[in-house]
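Per-entry structural report
The lines below spell out each chain.
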Amino acid sequence: MGYLDQLYQKVVEKNYGEEEFHQAVKEIFESLEIALAYHPEFERTKLIERLVEPERVVMFRVPWVDDKGEIHVNRGFRIEFSSAIGPYKGGLRFHPTVKLGTLKFLAFEQIFKNSLTGIPMGGGKGGSDFDPKGKSDMEVMRFCQAFMQELWRHIGPYTDVPAGDIGVGGREIGFLYGMYKKLANEFTGTLTGKGINWGGSWVRKEATGYGLVYIVERYLEDVRKTSFKDKIVAISGAGNVAIYATEKVHQLGGKVIAMSDSRGCIIDKDGIDLDLVKEIKEVKRGSLREYVEKRPSAEYSENRQDVWKVKCDVALPCATQNEVFIEDAKELVKNGCLVVGEGANMPTTLEATKYFIENGVGFLPGKAANAGGVAVSGLEMAQNAYFTQWTFDEVDKKLQGIMHNIYNSISETAKKYGVEGNYVHGANIAGFMKVANAMMDQGIV
Ligand code: NDP
Ligand code: 2IT
């Protein structure tokens, strides 16, 4: 067994039951195999052994009281994985499926993603098994306040800067920031995704979805010599990332014909009515099922995997991890899909990823393709540090520049390491090298 295979076995044994973390480590190791051949010093300094161990994990009790006076106890986490190139940075996820292994996989991915943005940010992630669904605004507020009562002592503008993720949007960031500011007695950029009038950045809300479409557009131009114009697009999810990816596809002349949520999917051959989706998901926090009541020509399916059964040129998984399986990949390839851009983190299983790549589908992995969100978070931190606010256009231009740089960096790295066109290896190696070199410079810490 090779060095990385043995190390992977140790990671699995030591982090028992954390399957999603194992999966993320396995994917990175497949690329590091290539990089290590050029860099024996990383093995000698136990750099990879150090990299797979979080610098710090905070786990805490979050007791809160619902509207009926009943007491609930949730579990809160913050994984401070790597500060090699900057303060820990990454979102908070509130979803009933959240466990330690979920957040460790997300924080681990975040290290390489943040490195690819070119902004000095380390990797972190946090969250809770709290389910915001069906809770009143006051219940969500009390939960956020209770969560921050512990978290605040571990974070800070130059220490660790949380943001949103699944189940954490503008409303939650507001409640979290209000309590942070009160406890820390300072108005600094310690959370990103803040409101526009109180330290937030323009384009942060749109950034992940827009950035995803910008990088896919670069791929279409560079490799396929075409654009988004008249392209048919399928998008999973109907949250922050999916909605703003749809908006940008439509602005560029493409047509999104399918979207999904946790309960099912909609197929609208005339093109998704995004205002209607925003009304249902952003305002009413409802189910996509309501879409077909207003648009009878559209179809609703209770099987959310049906989103991948439509014939499309571009597929953008934007819901959650492990949502594109080998059967879906086969269907997409059979239907002539040109490119898959991962808006979500690790939405495609390892098997499905391999199938796409072997069958010539352009595959842009999440840590590159969805980096626009954290990149604009980095720009929000910069604006906060300068006590300034840039315009929508300024931030949007910077985001486009960052996504283009990421595309160039991952495709050139793939070429340099002899795996041209394999953006998974390109992104993993490019993201890793910067972090690894920083760790070499900083000694054994
Ligand atoms: P939201 O909470 O805004 O939306 C999530 C969407 O995915 C919802 O439509 C939800 O359905 C659906 N979904 C969530 N969990 C599941 C599940 N277990 N099974 C099926 N569907 C599910 O989250 P975001 O849009 O912010 O995040 C989506 C993905 O993008 C995540 O993987 C996240 O880590 C990633 N990401 C987010 C960034 C950001 O800036 N927000 C940045 C980079 C990546 P329902 O509405 O029914 O709950
Ligand atoms: O997965 C991600 O990159 C995010 N949820 C965004 C993190 C951030 O700090 O903006």
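One structure accompanies this document, and this report is about it.

**Some words on the site of ligand 2**
The environment of ligand 2 is made up of 14 residues, and the closest members are Lys89, Lys113, Asp165, Arg204 and Ser377. Note that a nitrogen atom of ligand 2 is positioned 3.1 Å from one of the backbone N or O atoms of Gly164. A distance of 3.0 Å is found between an oxygen atom of ligand 2 and a side-chain nitrogen or oxygen belonging to Arg204. Considering ligand 2 on its own, with 300 Å² of exposed area, one finds that the protein chains cover 94% of that surface. Looking at the shell around ligand 2 residue by residue, the class counts come to two nonpolar, seven polar and five charged.

**Points about the site of ligand 1**
The full set close to ligand 1 counts 25 residues, and Lys133, Asp165, Thr208, Ser262 and Asn345 are the nearest of them. Take Arg204: an N or O atom from its side chain is 2.9 Å from an oxygen atom of ligand 1. Note that an oxygen atom of ligand 1 is positioned 2.8 Å from one of the side-chain N or O atoms of Thr208. Relative to its free-state accessible area of 890 Å², ligand 1 is covered by the protein chains to the extent of 87%. Counting only elements with at least two residues in the shell around ligand 1, the list comes to helix H8 (204–222) and helix H9 (240–251). Of the residues in the shell around ligand 1, the class split is six nonpolar, 11 polar and eight charged.

**As for the packing of helix H6 (residues 137–151) against helix H7 (residues 170–184)**
Relative placement of two packed helices is described by the angle separating their axes and the distance separating the axes. Contact pair H6 / H7: the axes reach a minimum separation of 8 Å and the direction vectors enclose 45 degrees. Classed by the angle they form, the pair H6 and H7 counts as oblique. At the point where H6 passes H7, the crossing takes the right-handed sense. When H6 is examined against H7, the residues Asp137, Val140, Met141, Cys144, Gln145, Phe147, Met148 and Gln149 are found in contact with a partner set consisting of Arg171, Glu172, Phe175, Leu176, Met179, Tyr180 and Leu183. Grouping the amino acids of the contact of H6 with H7 by side-chain chemistry returns 10 nonpolar, two polar and three charged.

**Some thoughts on the sheet that holds strand E3 (residues 88–94)**
Taken together, the five strands give an open sheet; going across it, the order is E1-E2-E4-E3-E5, and neighbouring strands pair in mixed fashion. Each of the sheet's edge strands pairs with one partner strand only, and the pair in question is strand E1 (56–65) and strand E5 (160–163). Going across the sheet, the axis of each strand differs from the next one's by a mean of 20 degrees, ignoring polarity. Of the strands in this sheet, E1, strand E2 (71–82), E3, strand E4 (122–128) and E5 are in contact with H6, which crosses E1 at around 140 degrees.

**Observations regarding the environment of Ala258**
Looking at the secondary structure, you find Ala258 in strand E7 (residues 255–260). Accessibility expressed as a relative area gives 0% for Ala258, which makes it buried. Expressed as a C-alpha distance, the spacing of Ala258 and Met148, which sit 110 residues apart in the sequence, is 37 Å. Residues in contact with Ala258, not counting those within four places in the same chain, are Val233, Ala234, Ile235, Ile266, Ile267, Ile272, Val307 and Val310.

**Here we look at the side chain of Gln383**
Its place among the elements puts Gln383 in helix H15 (residues 371–386). Its relative accessible area of 2% is what places Gln383 among the buried residues. Among residues more than four places away in sequence, those in contact with Gln383 are Ser201, Thr388, Gln389, Trp390 and Val395.

**Let's talk about helix H12 (residues 326–334)**
By the burial criterion, the buried members of H12 are Ile326, Asp328, Ala329 and Leu332. Viewed end-on, H12 has its buried residues packed into an arc of 155 degrees, placing them on one side of the element. H12 presents Glu327 and Lys334 as exposed residues on the side facing more than 90 degrees away from its buried surface. Lining the buried residues of H12 we find strand E10 (314–317) and helix H13 (350–358). Count one or two residues on from H12 and you reach Gly336, which has phi positive near 85 degrees.

About the cut-offs
Residues numbered from 1 in each chain as written. Chains lettered and ligands numbered in written order. Predicted model: local features only at pLDDT ≥ 70, side-chain atom pairs only at ≥ 80, totals over all residues. Heavy atoms only, no water. Near = heavy atom within 4 Å. Polar contact = N/O pair within 3.5 Å; in protein donor to acceptor, adjacent residues only side chain to side chain. Areas by Shrake-Rupley, 256 points an atom, 1.4 Å probe, with all protein chains shown as cover. Nonpolar A, V, L, I, M, F, W, Y, C, P; charged D, E, K, R; others polar. Helix = DSSP H or I, 4+ residues; strand = E, 2+ residues; numbered from the N terminus. Axes fitted to C-alpha atoms, helices over the stretch in contact; angles between N-to-C directions. Parallel < 35°, antiparallel > 145°, perpendicular 65-115°, else oblique. Left-handed = near helix turned anticlockwise from the far one by under 90°. Contact = heavy atoms within 4.5 Å. Pairing = 2+ DSSP bridges. Buried < 20%, exposed > 50% of the residue type's maximum accessible area, 1.4 Å probe, protein only. Arc of directions from axis to C-beta.

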